[in-house]
Structures are given as C-alpha cells and as structure tokens.
Amino acid sequence: MNQDELKQAVARAALDYVVEGKIVGVGTGSTARLFIDALAEIKDRIAGAVASSEDTRRRLEGHGIRVFDLNDVAELPVYIDGADEINAEMHMIKGGGGALTREKIVAAVAQKFICIVDGSKYVEVMGKFPLPVEVIPMARAHVARELTRLGGTPVLRAGFITDNGNLILDVKGLQILDPVDLETRINQIVGVVSNGLFARRPADVCLLGTDSGVCTLTGD
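Residues numbered from 1 in each chain as written. Predicted model: local features only at pLDDT ≥ 70, side-chain atom pairs only at ≥ 80, totals over all residues. Heavy atoms only, no water.

1. Things to note about the packing of helix α2 (residues 30-39) against helix α3 (residues 54-62)
Filter applied, for reference: Only the contacting stretch of a helix is used when fitting its axis, a line to C-alpha atoms as for every element, and angles between N-to-C directions run 0 to 180 degrees. What counts as a helix is a DSSP run of H or I of at least four residues, what counts as a strand is a run of E of at least two, and both are numbered from the N terminus. Roughly parallel means an angle under 35 degrees; roughly antiparallel, over 145; roughly perpendicular, 65 to 115; everything else is oblique. Should the near helix be turned anticlockwise from the far one by less than a right angle, the crossing is termed left-handed; should it be turned clockwise, right-handed. Contact definition: two residues touch when any of their heavy atoms are within 4.5 Å. Under the grouping applied here, Gly and all other residues not named as nonpolar or charged are polar, the nonpolar ones being Ala, Val, Leu, Ile, Met, Phe, Trp, Tyr, Cys and Pro and the charged ones Asp, Glu, Lys and Arg.
For the pair α2 and α3, the least separation of the axes is 10 Å and the interaxial angle reads 20°. Comparing their axes, α3 and α2 come out roughly parallel. In this structure, the crossing between α2 and α3 has a hand that is right-handed. Along the contact surface, α2 presents Arg33, Ile36, Asp37 and Leu39, while α3 presents Asp55, Thr56, Arg59 and Leu60. Across the contact of α2 with α3, the residue classes break down as three nonpolar, one polar and four charged.

Written out as structure tokens, the structure reads:
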C-alpha cells in the first residue's frame with residue numbers, strides 16, 4: 001500500500017475506538033482529515049465532536065457533525081489524531097499543521113489518546129522532523145536564542161499564524177533522547193505557548209499502518 005492508503009487504513013481502524021453516544025476529540029492534519037471523512041459515516045451514532053483547529057472544525061461541520069466548545073464538554077472519552085513522529089514509548093512530535101497547542105489541550109482532557117499514523121512516522125529517536133514551538137510574537141527572538149542554547153536550530157515558519165494568533169518556530173537538528181525533560185525545559189522558556197513534544201501526555205494507543213495491515217501498539 002502507498003502512504004495515502006496506509007493513512008486511510010488507520011483512519012478507518014480508529015472508528016473502533018469511538019464511543020457511541022459520546023463526543024469525540026478530533027485532531028488536525030492529513031490523517032485526521034481522513035478520520036473525519038470516515039467519522040461522517042457514523043455521525044448519527046455520536047453526540048458530536050471537539051475540534052483541535054479551525055480547519056478541523058470546518059471539515060466536521062461540512063459533514064454535518066456538531067462541533068462543541070471544549071469548555072462546554074464535561075467528558076471526552078477519546079481523542080484521535082495523527083503525529084509527525086512517534087516512538088516506542090508513545091511519545092510524539094506533533095504540530096506540523098500548526099495546531100499543537102489546541103491539540104495538546106484536547107489531549108489533556110481526553111481519557112484516551114489514539115494516535116493514527118503510517119509506518120514512516122514510527123522512529124527510535126525523535127528529532128528528524130523539526131520540533132514546532134508556538135511563541136508569542138514579541139518573544140520570537142528571545143525564544144529562538146534559548147532554543148539555540150538547547151542545541152537546536154530554530155527557523156520561523158514563514159507566512160504562518162496559528163489559530164491563537166501566534167508564530168511557530170520549527171527547531172531543526174535535535175536528537176531527542178529524553179522527550180519528557182526537553183518538553184518541560186522548552187515550556188519553561190518565557191514566551192513559549194507550547195511545544196510539539198507530546199511526552200508528558202503520550203498516546204495510549206498507536207494504530208500503525210503497515211504493508212501487512214494495521215498494527216496496534218501501546219507503551220506498556
């Protein structure tokens with residue numbers, strides 16, 4: 001199977017984790033869009049969805065799926081989203097689509113996080129994919145200097161503004177051996193809104209698309 005077919009396979013497999021009659025959290029990106037298309041087929045069996053970005057909200061609404069504000073949701077059984085990289089401990093790099101902060105918020109609320117990825121995203125050591133860091137605009141230069149001290153090369157994502165009105169610095173050249181520690185250290189830099197390391201709250205399950213089918217992985 002090609003990459004698109006692998007993404008399609010894991011998107012459909014994720015439907016098994018949707019809780020009937022409840023609200024589902026939905027991520028952002030190419031694989032998440034395929035999941036939304038699949039979710040539309042069972043939209044009458046769910047209460048609605050929480051969107052992690054404006055792009056996701058528009059796609060959900062385009063399928064006639066009711067979108068809830070997270071502040072109005074008391075219970076979120078599951079959040080389903082892709083990743084740019086994921087390791088054996090279910091730590092991830094996310095944010096290639098620029099929605100990392102809202103994704104992290106929805107993931108924090110959800111009882112279970114299901115990551116859906118094709119096999120190319122599964123890595124031993126994260127960092128080949130540049131780590132996105134969302135920053136307050138006035139702090140861009142300061143944050144960039146601090147990220148350089150951590151061993152990375154931050155590059156401003158040109159022409160991009162997040163749904164929160166902020167900038168993204170994509171940090172290249174990292175070899176992330178301790179994702180939990182690095183996530184914490186970056187978050188402590190003044191001016192950082194959040195970063196794309198999902199290690200303190202990792203995925204609970206990874207649905208990995210391979211040529212031999214969808215593999216179910218956990219960090220246990």
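Read on, since the account is not over.
2. Side note on the layout of surface pockets
Rule in force here: Think of a 1 Å grid over the protein atoms and nothing else: a 1.4 Å probe that fits but is trapped marks a cavity, an open set flanked by protein within 12 Å on at least five of seven lines marks a pocket, and residues with an atom within 4 Å of a point count as lining. Grid points are joined across faces, edges and corners, and a volume is the space filled by probe spheres set on the points.
Counted as a void, the largest pocket has a volume near 250 Å³. Along the wall of the largest pocket there are 14 residues; nearest its centre are Val50, Ala51, Asp69, Leu70 and Arg102. With three residues, helix α4 (residues 100-109) is the largest single contributor of residues to the lining of the largest pocket. In this structure, the second largest pocket spans a volume of roughly 210 Å³. Contributing to the lining of the second largest pocket are 18 residues, with Thr28, Gly29, Ser30, Ala83 and Asp84 lying nearest its centre.

3. A short note on the packing of aromatic side chains
Test applied: For this analysis, a ring pair means two rings from Phe, Tyr or Trp (six-membered ring only for Trp) whose centres lie within 6.5 Å, classed as stacked if their planes differ by under 30 degrees, edge-to-face if by over 60, and tilted for the remaining angles. The rule is simple: take the accessible area with a 1.4 Å probe, protein chains only, and divide by the maximum for that residue type; under 20% is buried, over 50% is exposed, in between is partly exposed. Our definition puts a charge over a ring when NZ of Lys or CZ of Arg is within 6 Å of the ring centre and also within 35 degrees of the ring normal.
The final tally for this structure, using the stated rule, is one aromatic pair. With 5.0 Å between their ring centres and 55° between their planes, Tyr79 and Phe113 make a pair best called tilted. Separated by 34 residues along the polypeptide, Tyr79 in strand β4 (residues 78-81) and Phe113 in strand β7 (residues 112-118) bring together distant segments of the chain. The exposure classification of Tyr79 matches that of Phe113, with both residues buried. The ring of Phe198 carries Lys104 above its face, with NZ or CZ at 4.9 Å from the centroid. The side chain of Arg157 reaches across the aromatic face of Phe160, ending 5.2 Å from its centre.

4. Remarks on a nonpolar patch on the surface
For clarity, the threshold we go by: Exposure above 30% relative accessible area and no salt bridge define the residues that can form patches, which grow by joining like charges within 9 Å and nonpolar side chains of Val, Leu, Ile, Met, Phe, Trp and Tyr within 5 Å. Only the protein chains shown count as cover for residues, with accessible areas throughout obtained via the Shrake-Rupley method and a probe of 1.4 Å. Salt bridge, as used here, is a side-chain nitrogen of Lys or Arg placed within 4 Å of a carboxyl oxygen of Asp or Glu.
A cluster of nonpolar residues, Ile136, Met138 and Val193, forms a patch on the protein surface that exposes about 310 Å² of accessible area. Here Val193 is to be found in strand β11 (residues 192-195). Since its relative accessible area comes to 33%, Val193 is described here as partly exposed.

5. Describing the side chain of Glu85
Convention followed: Charge counting follows a simple rule: Lys and Arg are positive, Asp and Glu are negative, and His as well as the terminal groups are ignored. N or O atoms within 3.5 Å of each other form a polar contact, as long as, within protein, one can give a hydrogen and the other can take it, and as long as residues adjacent in sequence are counted only when both atoms are side-chain atoms.
Within the fold, Glu85 resides in strand β5 (residues 85-86). The buried charged residue Glu85 lacks any salt bridge, with Lys128 as its nearest oppositely charged partner at 7.3 Å. One polar contact links the side chain of Glu85 to the main-chain amide nitrogen of Gly127, over a distance of 2.8 Å. A polar side-chain atom of Glu85 sits 3.4 Å from the main-chain amide nitrogen of Lys128. Excluding its chain neighbours within four sequence positions, the residues that come into contact with Glu85 are His91, Met92, Ile93, Lys121, Val123, Met126, Gly127, Lys128 and Phe129.

6. A closer look at the sheet that holds β4
Where strands meet in a sheet, backbone hydrogen bonds hold them as pairs that are either parallel or antiparallel. For clarity, the threshold we go by: A pair of strands is considered paired only if DSSP assigns at least 2 bridges between the two.
With mixed pairing, seven strands are arranged side by side in an open sheet as β3-β2-β1-β4-β7-β13-β14. Single-partner strands in this sheet number two, and they are β3 (67-68) and β14 (213-217). As paired strands, strand β13 (residues 205-210) and β14 are joined by five bridges and run antiparallel to one another. Opposite Gly209, over in β14, you have Val214 as the bridge partner. Packing against the sheet, α2 makes contact with β1 (23-26), β4 and β7, and its axis sits at approximately 155° to β1. In the packing of α3 onto the sheet, contacts are made with β1, β2 (48-51) and β3, and the angle to β2 comes to roughly 160°.

The analysis is restricted to geometry; functional conclusions fall outside its scope.
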